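Secondary and tertiary structure notes
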Amino acid sequence: MKILVFDIGGTEIKYALCDENFNLTDKKSVPTNAYEGGKRLIERVVEIAGTYSGIDRIGISTAGQVDSEKGMIVFATDSIPGYTGVQIKQIVEAEIGVPCAVENDVNSAALGEAYFGAAKGEDNFLCLTYGTGIGGAIFLEGKLFKGNGCSAGEFGHFVTHAGGKSCTCGGCGCYEAYASSGALVRAVKAKTGRDLNGREIFAEFDNPEIRTVIDEWIDEIVVGLKGLVYIFNPSLIVAGGGIMNEKYITDEINVRLAAELMPSFRCAKVVKAQAGNDANLLGAAYLAAKQ
Ligand SMILES: [Zn+2]
């Protein structure tokens, strides 16, 4: 089986071919040109797909809230104007003539981890991606839990500080305002006056001032995870985002989380995502293959 898979992000569309053993080959990318709008974006996906021959399926991982049954965008922010309501599956199937599966990017990554990565064989796990904000996906009893409006798992806007810092969602005190890698960058700036990115912050791990900020930030990560463990009782939490390549973070999270939890909940381990940059593509390929 030859599956063409896409990962549509705010800045880049990545795509690759995938075989029945889920090996990705011929990886490419083009700029998203989000300013051209959601309709044009899907036209470009169709144009790319049209350059391939002998494709059996198409799998698409995309930013935005996705109704994967209908293969449409339920809601997308203005980062891709006019994307809300675009019937991706219908358009692609009509133009290319092969079955198409569409899923949200964080959910695709969770599927990638479930079948090919850190969560292989796990029936109940959570995925959290720590970047500018915090994305999440919930995998329960062997499948994705999507919620009523296909938008469950927005862990970034789960309130951990009543009346706290204001957030991009319009609320305040949200988890991502304290525990995202963006929040770490802001906290370092507030403490030292320096603009450092995640990698630069960890390069100065031995600087006591920076180390204090890192440790306080890890406490913020743990506060949110503690709540999630009590709600979902997962066996595993997969932590993604480039910052999680720093082993100190996941090691500390595990120690501090276990110390905070009641003994019967301490089986929840936190591990780094493994499927990495390919997780979204592999998750979309899995869904496409299943169609
Ligand atoms: Zn928020």
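This is a predicted model, so every value here is computed, not measured.

1. Notes on the nonpolar core
Leu128, Tyr130, Ile221 and Leu225 are the most contacted members of the largest nonpolar core, which totals 35 residues. Counting residues per element, the ones that place at least two in this core are strand 8 (125-130), strand 9 (134-140), helix 5 (181-192), helix 6 (198-203), helix 7 (208-232), strand 11 (236-240) and helix 8 (247-260). For this core, the leading source of residues is helix 7, giving 10 residues. In this structure Leu225 touches Leu128, Tyr130, Tyr175, Ile237, Ile253, Leu257 and Val270, once residues within four positions along its chain are discounted.

2. Brief notes about the pairing of strand 9
For strand 9, the buried fraction is high: six of the seven residues fall into the buried class. In the sheet, strand 8 pairs with strand 9 via six bridges, with the strands oriented antiparallel. Along strand 9, the bridge assignment pairs Leu126 with Ile138. Hairpin connection from strand 8 to strand 9: three residues lie between these consecutive antiparallel strands. Where strand 9 lies against strand 10 (residues 143-145), three bridges are found, and the strand directions are antiparallel. Of the residues in strand 10, the one forming a bridge with Ile138 is Phe145.

3. Regarding the pattern of salt bridges
One pass over the structure, following the stated rule, counts 16 salt bridges. Here Lys146 and Glu103 are joined by a salt bridge, their closest N and O atoms 3.2 Å apart. With a gap of 43 residues between them, Lys146 in the loop between strand 10 and helix 4 (176-179) and Glu103 in strand 7 (residues 100-104) connect regions that are remote in the sequence. Since its relative accessible area comes to 16%, Lys146 is described here as buried. By relative accessible area, Glu103 is classed as buried at 3%. The residue Arg256 makes a salt bridge to Asp219 at a minimum N-O spacing of 2.8 Å. In this pair, Arg256 sits in helix 8 while Asp219 sits in helix 7, placing the two residues 37 residues apart along the sequence. With relative accessibility at 15%, the residue Arg256 sits in the buried group. Among the ionic contacts, a cluster of salt bridges with common partners joins Arg211, Asp215, Asp219, Glu252 and Arg256.

4. Here's the deal with the layout of surface pockets
The method is simple in principle: a probe with the dimensions of a water molecule rolls over the atoms, and the space it marks as empty is what remains. Its volume calculated, the second largest pocket comes out at about 450 Å³. Lining the second largest pocket are 19 residues, and of these Ser68, Glu69, Glu103, Leu287 and Lys290 sit closest to its centre. At the level of elements, strand 7, helix 3 (105-116), strand 10 and helix 9 (279-290) are the ones that each hand at least two residues to the lining of the second largest pocket. Partitioned by chemical class, the residues of the lining of the second largest pocket number nine nonpolar, three polar and seven charged. When we break the lining of the second largest pocket down by domain, the ones giving at least three residues each are domain 1 (3-109 + 277-290) and domain 2 (120-274).

Reading guide: rules and limits
- Residues numbered from 1 in each chain as written.
- Predicted model: local features only at pLDDT ≥ 70, side-chain atom pairs only at ≥ 80, totals over all residues.
- Heavy atoms only, no water.
- Core = buried A, V, L, I, M, F, W, Y, C linked by side-chain atoms within 4.5 Å.
- Buried < 20%, exposed > 50% of the residue type's maximum accessible area, 1.4 Å probe, protein only.
- Helix = DSSP H or I, 4+ residues; strand = E, 2+ residues; numbered from the N terminus.
- Contact = heavy atoms within 4.5 Å.
- Pairing = 2+ DSSP bridges.
- Salt bridge = Lys/Arg side-chain N within 4 Å of Asp/Glu carboxyl O.
- 1 Å grid on protein atoms, 1.4 Å probe; cavity = no way out; pocket = protein on both sides within 12 Å on 5 of 7 lines; lining within 4 Å.
- Points joined across faces, edges and corners; volume = space filled by probe spheres on them.
- Nonpolar A, V, L, I, M, F, W, Y, C, P; charged D, E, K, R; others polar.
- Domains from an automatic or database assignment.

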